[in-house]
Amino acid sequence: MELSQLLRERRSVHTFEDRPVSPELVMELLETAIWVPNHRMTQPWRFILTYGEGRRKIAEAVRKIKESKEPDPSKKKEVGQKFYDKIMSIPMILTVLMKEDPNLIVREEDYASTSCVIHNFSLLAWEKGIGLVWETYGWLHESIFRETMGIQPGEKVVGNLHIGYPAKIPPAQPRIPAAHLITVFDQA
């Protein structure tokens, strides 16, 4: 598949088939995805791969977080179970972390590079028939989640990638043409 076609056809997938994704394939894709521009070669990323029974770690942490935030005591268990079930329906989750440099400029460059790793991974996965969605929900920053997953102080959670074989591929969302968003200076 041509790169231009891959870029235009890739979609964020939210619904997955009930079949596993090979962790070895994910590792292979990550080995290629990390080849991104990275000023100063800080390579700040780290990954946590969760699948199979390991998903229960995340599901239990999210259940606790959601139950603790539900103001209606009669709904706590229901809300917690809803999120537990949602996590367990995802075949594989890749948590992408970034070491936060104290220098703001380096940290911004590192965030951009880590985002490029995620995008590269999403394109490589799509090429293999694997879909994903990049999630950045608030509970990624909760101490319960961080402690459960072994996320260290000074590491930013850039996102959770929900990974699996698509059960449903959403239609393309319209884009504003680049020609409408560009300012050109071709004269002094």
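Residues numbered from 1 in each chain as written. Predicted model: local features only at pLDDT ≥ 70, side-chain atom pairs only at ≥ 80, totals over all residues. Heavy atoms only, no water.

**Quick look at the overall build of the protein**
Helices and strands together make up the secondary structure of the protein, namely six helices and four strands. Moving toward the C terminus, one meets the helices and strands of the protein in the order α-α-β-α-α-β-α-β-α-β. Each principal axis of the C-alpha distribution contributes one length, and for the protein these read about 65 × 40 × 35 Å. Contacts in the protein between residues far apart in sequence, at least 24 positions, make up 80% of those at least 6 positions apart. Just so you have it, the protein exposes about 11,500 Å², and 55% of that area is on carbon and sulfur atoms. (Helix = DSSP H or I, 4+ residues; strand = E, 2+ residues; numbered from the N terminus. Contact = heavy atoms within 4.5 Å. Areas by Shrake-Rupley, 256 points an atom, 1.4 Å probe, with all protein chains shown as cover.)

**Comments concerning unusual backbone geometry**
For residues that are not glycine, phi is negative in most cases, and the peptide bond is trans in most cases. Non-glycine residue Arg40 carries a positive phi angle of around 75 degrees. Looking at the element boundaries, Arg40 is found in the loop between helix H2 (23–33) and strand E1 (45–51). A positive phi angle, close to 50 degrees, is found at Met41, a residue other than glycine. Mapping Met41 onto the fold places it in the loop between H2 and E1.

**Remarks on the packing of aromatic side chains**
In this structure the tally under the stated criterion is two aromatic pairs. Relative to Trp139, the ring of Tyr137 lies with its centre 4.1 Å away and its plane at 15 degrees, an arrangement referred to as stacked. Since its relative accessible area comes to 18%, Tyr137 is described here as buried. According to the relative accessible area criterion, Trp139 is buried, its value standing at 7%. Centroid distance Trp139 to Phe145: 5.2 Å. Interplanar angle 70 degrees. Geometry classified as edge-to-face. Residue classification places Phe145 among the buried residues on the basis of a relative accessible area of 0%. One aromatic cluster in this structure is built from Tyr137, Trp139 and Phe145. Here Arg19 stacks its cationic end above the ring of Tyr165, 3.7 Å away from the centre of that ring. (Phe/Tyr/Trp six-rings, centres within 6.5 Å; stacked < 30°, edge-to-face > 60°. Buried < 20%, exposed > 50% of the residue type's maximum accessible area, 1.4 Å probe, protein only. Lys NZ or Arg CZ within 6 Å of the ring centre and 35° of its normal.)

**Things to note about the sheet that holds E1**
What the four strands build is an open sheet, ordered E1-E2-E4-E3; its pairing is antiparallel. The strands lining the two open edges of the sheet, one partner per strand, are E1 and strand E3 (131–135). The average undirected angle you get between the axes of adjacent strands in this sheet is 20 degrees. Taken together, the eight bridges between strand E2 (residues 92–99) and strand E4 (residues 155–164) define a ladder with antiparallel strand orientation. Counterpart to Leu94 in the pairing with E4 is Leu161. Docked against the sheet, H2 engages E1 and E2, running at close to 165 degrees with respect to E1. Sheet strands in contact with helix H5 (residues 104–127) are E1, E2, E3 and E4, and its direction is about 160 degrees off that of E2. (Pairing = 2+ DSSP bridges. Axes fitted to C-alpha atoms, helices over the stretch in contact; angles between N-to-C directions.)

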